[in-house]
Amino acid sequence: MDILIVENSQQLATLAARRFQRQLSDKPDSVFGLATGRSPLALYELLAEKVRTKEMSFSDSCSFNLDEFYGLEPDDQRSYRSYMQRELFDHVDFPAGKTFLPECALGEDPACAAKNYEDRIRKAGGIDLQLLGLGQNGHIGFNEPSSSLGSRTRIKTLTPQTLAANQGISSQAGALPELAMTMGIATIMDAKEILLLACGSNKARAVRELVEGCICARWPASILQMHARVSVIVDEAAAGLLEMREYYVQVQRQKRVLSESLGREFTSLEAES
Ligand code: GLP
C-alpha cells in the first residue's frame with residue numbers, strides 16, 4: 001500500500017489529477033471507476049480544467065461509478081448521476097453513452113441490474129483505475145460494515161450515518177432512499193489499480209482501520225490491504241490516528257530519492273505496494 005500524507009485537500013487533488021493524467025497518457029482508452037462524495041470534488045475540478053486546456057482527454061475512455069441510490073430517476077438532483085453530470089461529465093469529454101452508473105429504477109429487478117452492470121464492466125475489459133472515497137464507518141462504495149468481502153454489485157441498505165453524510169451533498173432537499181446499488185467489494189478489488197482519497201479528522205478512525213487494522217467486514221476498506229496496487233492519499237487530519245505515520249513519510253522520501261536518481265517518477269506501482 002502506498003500511503004501519501006499531504007497538507008490539504010488541494011494537494012490531494014493535485015496528486016490524484018496527476019495520476020489520472022498519467023493513466024490517460026499510458027492508456028488513452030482506460031476504463032475508470034469513479035466515486036461521488038465531497039472528497040473527489042477538487043479533483044474533478046482539476047480534471048475539467050485539464051480537459052479544457054487540452055492537457056488531457058477522456059475521448060477514448062469510459063467510466064463506471066461505484067454506486068447509485070435505488071429508484072431515483074437519473075435527472076433527480078439527489079441522484080449520483082446528477083452529481084456526476086454536474087461535477088464532472090458536463091465539463092469533460094467522455095464519449096456520449098460511455099459513462100455508467102449502477103442504476104436501478106423502481107420496479108426493476110435489482111439482481112438483474114446488478115448482473116448487467118458486472119457484465120458491462122467485464123465487457124469493457126475491467127477497470128484500470130478505480131477512484132474511492134471512504135465512509136466514516138469504513139465503507140467503500142456503499143459497502144457498509146458487514147458487507148461480504150467477496151461481494152459483487154448488488155443492492156444494499158444504508159446506515160443512518162451514511163444517509164446523514166450524503167444528505168446535503170446535492171442542493172435538492174428531500175429524504176434519500178435507504179437502498180442503493182453498489183459495486184461489491186470483490187468488484188472493486190478486481191480493478192487493476194486503486195486510488196483512495198480521504199480528508200478530515202472525521203475520517204481518521206476509518207483511515208487507521210484501513211491501513212493498520214485487521215482485515216474485517218466491520219471496516220470494509222481494510223480489504224484494500226490485499227490489493228497489490230493501492231494508493232491512499234490522505235490529508236494531515238485524516239492521517240491523525242496512524243501509528244506508523246513517520247514511516248509512511250520516510251517511504252515517500254525514499255521514493256523521491258529514487259525518482260531523482262533514476263531521472264523518472266518512481267511510482268507506487270513499482271515500489272513496495
Ligand atoms: C458516499 C459514497 C461513497 C463515498 C463516501 C465518502 O457514501 N457512496 O462512495 O466514498 O460517500 O464521501 P465523502 O467523500 O463525502 O466523505
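Our subject is the structure listed above.
Remember, it's a predicted structure, so these values are computed and weren't measured experimentally.

Caption draft 1: Up close: the sheet that holds strand 8 (residues 179–182). Ordered in space as 4-8-7, the three strands form an open sheet in which the pairing is antiparallel. Across the chains shown, the open sheet's two edge strands, defined by having one partner strand only, are strand 4 (67–69) and strand 7 (154–157). Across this sheet, the average inter-strand angle for adjacent strands is 30°, counted without regard to direction. Of the pairings in the sheet, the one linking strand 7 to strand 8 comprises four bridges and is antiparallel in character. Residue pairing in the sheet places isoleucine 155 in a bridge with methionine 181 of strand 8.

Caption draft 2: How the structure looks around the pairing of strand 8. As paired elements, strand 4 and strand 8 share three bridges and run antiparallel to each other. Opposite phenylalanine 69, over in strand 8, you have alanine 180 as the bridge partner.

Caption draft 3: Just helix 3 (residues 80–87), in detail. Looking only at helix 3, the buried set comprises Tyr80, Arg81, Ser82, Tyr83 and Met84. Along its buried surface, helix 3 packs onto strand 2 (31–34), helix 2 (41–52), strand 3 (62–65), strand 4, strand 5 (99–100) and helix 5 (160–166).

Caption draft 4: Structural context of the site of the ligand. Near the ligand you find 13 residues, and of these Arg38, Ser39, Asp67, His139 and Lys203 are the closest. Within the backbone of arginine 38, a nitrogen or oxygen atom sits 2.7 Å from an oxygen atom of the ligand. In the environment of the ligand, an oxygen atom lies 2.4 Å from a nitrogen or oxygen atom belonging to the side chain of serine 39. In isolation the ligand has 390 Å² of accessible area, and contact with the protein removes 92% of it. When the residues that make up the shell around the ligand are grouped by side-chain class, the tally is four nonpolar, six polar and three charged.

Caption draft 5: A look at the environment of threonine 187. Its location among the elements puts threonine 187 in helix 6 (residues 185–189). Of the residues examined, threonine 187 reaches a relative accessible area of 4% and is grouped as buried. Between the C-alpha atom of threonine 187 and that of glutamate 118, which follows or precedes it by 69 residues, the distance is 7.8 Å. Here threonine 187 is in contact with Glu118, Ile121, Ser151, Arg152 and Thr153, once residues within four sequence places are set aside. A distance of 3.4 Å separates a polar atom in the side chain of threonine 187 from the backbone nitrogen of threonine 153. Reaching out from threonine 187, the side chain makes a polar contact with the backbone nitrogen of glycine 184 at a distance of 3.1 Å.

Caption draft 6: Layout of the environment of isoleucine 233. Mapped onto the elements, isoleucine 233 comes out in strand 10 (residues 230–235). Expressed as a C-alpha distance, the spacing of isoleucine 233 and asparagine 8, which sit 225 residues apart in the sequence, is 10 Å. Apart from residues no more than four positions distant in its own chain, isoleucine 233 is found in contact with Leu4, Val6, Leu12, Leu15, Ala16, Leu195, Leu196, Leu197 and Ala198.

Caption draft 7: Fine view of helix 2. Look at helix 2: 17 Å from first C-alpha to last across twelve residues, which is about the 16 Å you get at 1.5 Å a residue. Every buried residue of helix 2 is listed here: Leu43, Tyr44, Leu47, Ala48, Lys50 and Val51. The buried residues of helix 2 occupy an angular sector of 165° when the element is viewed end-on, so they sit on one face. Along helix 2, the residues that are exposed and aim more than 90 degrees away from the buried face are Glu45 and Arg52. Where helix 2 is buried, its residues meet helix 1 (9–26), strand 2, helix 3, strand 6 (129–132) and strand 9 (193–198). With its phi angle positive at about 65°, lysine 54 sits one or two positions after the end of helix 2.

Analysis parameters
Residues numbered from 1 in each chain as written. Predicted model: local features only at pLDDT ≥ 70, side-chain atom pairs only at ≥ 80, totals over all residues. Heavy atoms only, no water. Pairing = 2+ DSSP bridges. Helix = DSSP H or I, 4+ residues; strand = E, 2+ residues; numbered from the N terminus. Axes fitted to C-alpha atoms, helices over the stretch in contact; angles between N-to-C directions. Buried < 20%, exposed > 50% of the residue type's maximum accessible area, 1.4 Å probe, protein only. Contact = heavy atoms within 4.5 Å. Near = heavy atom within 4 Å. Polar contact = N/O pair within 3.5 Å; in protein donor to acceptor, adjacent residues only side chain to side chain. Areas by Shrake-Rupley, 256 points an atom, 1.4 Å probe, with all protein chains shown as cover. Nonpolar A, V, L, I, M, F, W, Y, C, P; charged D, E, K, R; others polar. Expected span 1.5 Å × (residues − 1). Arc of directions from axis to C-beta.

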